[in-house]
Amino acid sequence: MPEPAVGEAPQGVDRVRAAAAERGLTVEIRERPAANSLAEAAAILGIPPSGIVKTLVVKRSDDTYLFALIPGDRAISWPKLRAVVGVNKLQLPDPARALAATGYERGTIVPLGSTHDWPIYADSEILGQRIAMGAGAHGYSTFLEADDLIAAFGATVADISQPLD
């Protein structure tokens, strides 16, 4: 994929912007230096790690997927997520399957502009928060109101996370 011209947003960022507009969401997309960790990205953005929401694409046994939105200072709780989804088996796909399922590389995945509208399960910890999440390309972050995102997608909200080990 060719690099965008100087001053031009990558294609993934354009997809995020267009999808947000289609759903009536107000988003702010910020370019930022590359980060080697979530904690480093949070420091660059001037927010706590909990303010970054990880979008995890999760594979079901029938080869369909879902998105799990987890605060950056927490980890996915597989037993909790399986119970809410009502299945016995879920797993993280390899990077190639994650890309095929969303159109985004790991580290840039966001429900906005995904090539498939997979169901969204949002951790209850993000309610009422202004959050940062992926923006479809490395070096960019999307800021928006979690409640607006949840409403726009009809996301299921539940306790699906646990403290980091």
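Caption draft 1: Inspection of the confidence of the model for the protein at higher detail. Averaged over the protein, the pLDDT score is 94; the fraction of residues at 70 or greater is 95%. A low-confidence stretch, residues 1–6 stays under pLDDT 50, and its non-local contacts, those more than four residues away or across chains, total three contacts.

Caption draft 2: Local environment of the sheet that holds strand β8 (residues 140–145). Taking strand neighbours across the sheet as the criterion, the three strands line up as β1-β8-β7 in an open arrangement whose pairing is antiparallel. Looking along the sheet, the strands with just one partner apiece sit at the ends: β1 (28–31) and β7 (130–133). Ignoring strand direction, the axes of neighbouring strands in this sheet form an average angle of 25 degrees. Alignment of β7 against β8, held across four bridges, turns out to be antiparallel. Bridging across to β8, I131 finds its partner in L144.

Caption draft 3: A look at the sheet that holds strand β3 (residues 65–71). Within the open sheet, the five strands sit side by side as β5-β2-β3-β6-β9. Their pairing is mixed. Of all the strands in the sheet, the pair left with one neighbour each is β5 (90–91) and β9 (156–158). Where helix α4 (residues 95–102) meets the sheet, it contacts β2 (53–60) and β3, and its direction lies at approximately 100 degrees from that of β2.

Caption draft 4: Molecular detail of the environment of D148. Structurally, D148 is set in helix α5 (residues 146–153). Note: C-alpha distance between D148 and A98 (50 residues apart in sequence) is 25 Å.

Caption draft 5: Fine view of the pairing of β8. Extensive coverage of β8 is indicated by the burial of five of its six residues. Counted along the chain from β7 to the antiparallel partner β8, the turn is six residues long, and its residue G136 has a positive phi close to 85 degrees.

Caption draft 6: Spotlight on helix α2 (residues 38–45). Residues of α2 that are buried: A41, A42 and L45. Taken down its axis, α2 places every buried residue within 100 degrees of arc, on the same side. Against β1, β7 and β8 lie the buried residues of α2. Just beyond α2, the residue with positive phi is G46, at close to 75 degrees.

Caption draft 7: Highlighting the side chain of K59. Structurally, the position occupied by K59 is in strand β2. Judged by relative accessible area, K59 falls into the buried class, the value being 9%. Among the polar contacts listed, one links the side chain of K59 to the side chain of D63, at a separation of 2.8 Å. In this structure, K59 is in contact with T64, Y65, K89, L90, Q91, P93 and R97, ignoring residues within four places of it in sequence.

Conventions adopted
- All residue numbers here refer to positions counted from 1 along the written sequence of the relevant chain.
- Under the rules for a predicted model, residues below a pLDDT of 70 receive no local features and side-chain atom pairs below 80 are neither given nor counted, while totals for whole chains, interfaces and linings still include all residues.
- To get the side-chain values, all heavy atoms of the structure are used, and hydrogens and water are removed first.
- What pLDDT conveys is the predictor's confidence in a given residue, as a value from 0 to 100.
- In what follows, residue pairs with any heavy atoms lying within 4.5 Å of each other are defined as contacts.
- Pairing between strands is defined by DSSP: at least two bridges between the two strands are required.
- Put simply, DSSP H or I for four residues or longer makes a helix, DSSP E for two residues or longer makes a strand, and each gets a number counted from the N terminus.
- Fitted lines through C-alpha atoms serve as axes, helices being fitted only where they are in contact, and the angles separating the N-to-C directions of these axes extend from 0 to 180 degrees.
- Between buried and exposed lies partly exposed: a residue is buried under 20% and exposed over 50% of the maximum accessible area for its type, with that area taken using a 1.4 Å probe on protein chains only.
- Directions from the helix axis toward the C-beta atoms define the arc.
- N or O atoms within 3.5 Å of each other form a polar contact, as long as, within protein, one can give a hydrogen and the other can take it, and as long as residues adjacent in sequence are counted only when both atoms are side-chain atoms.

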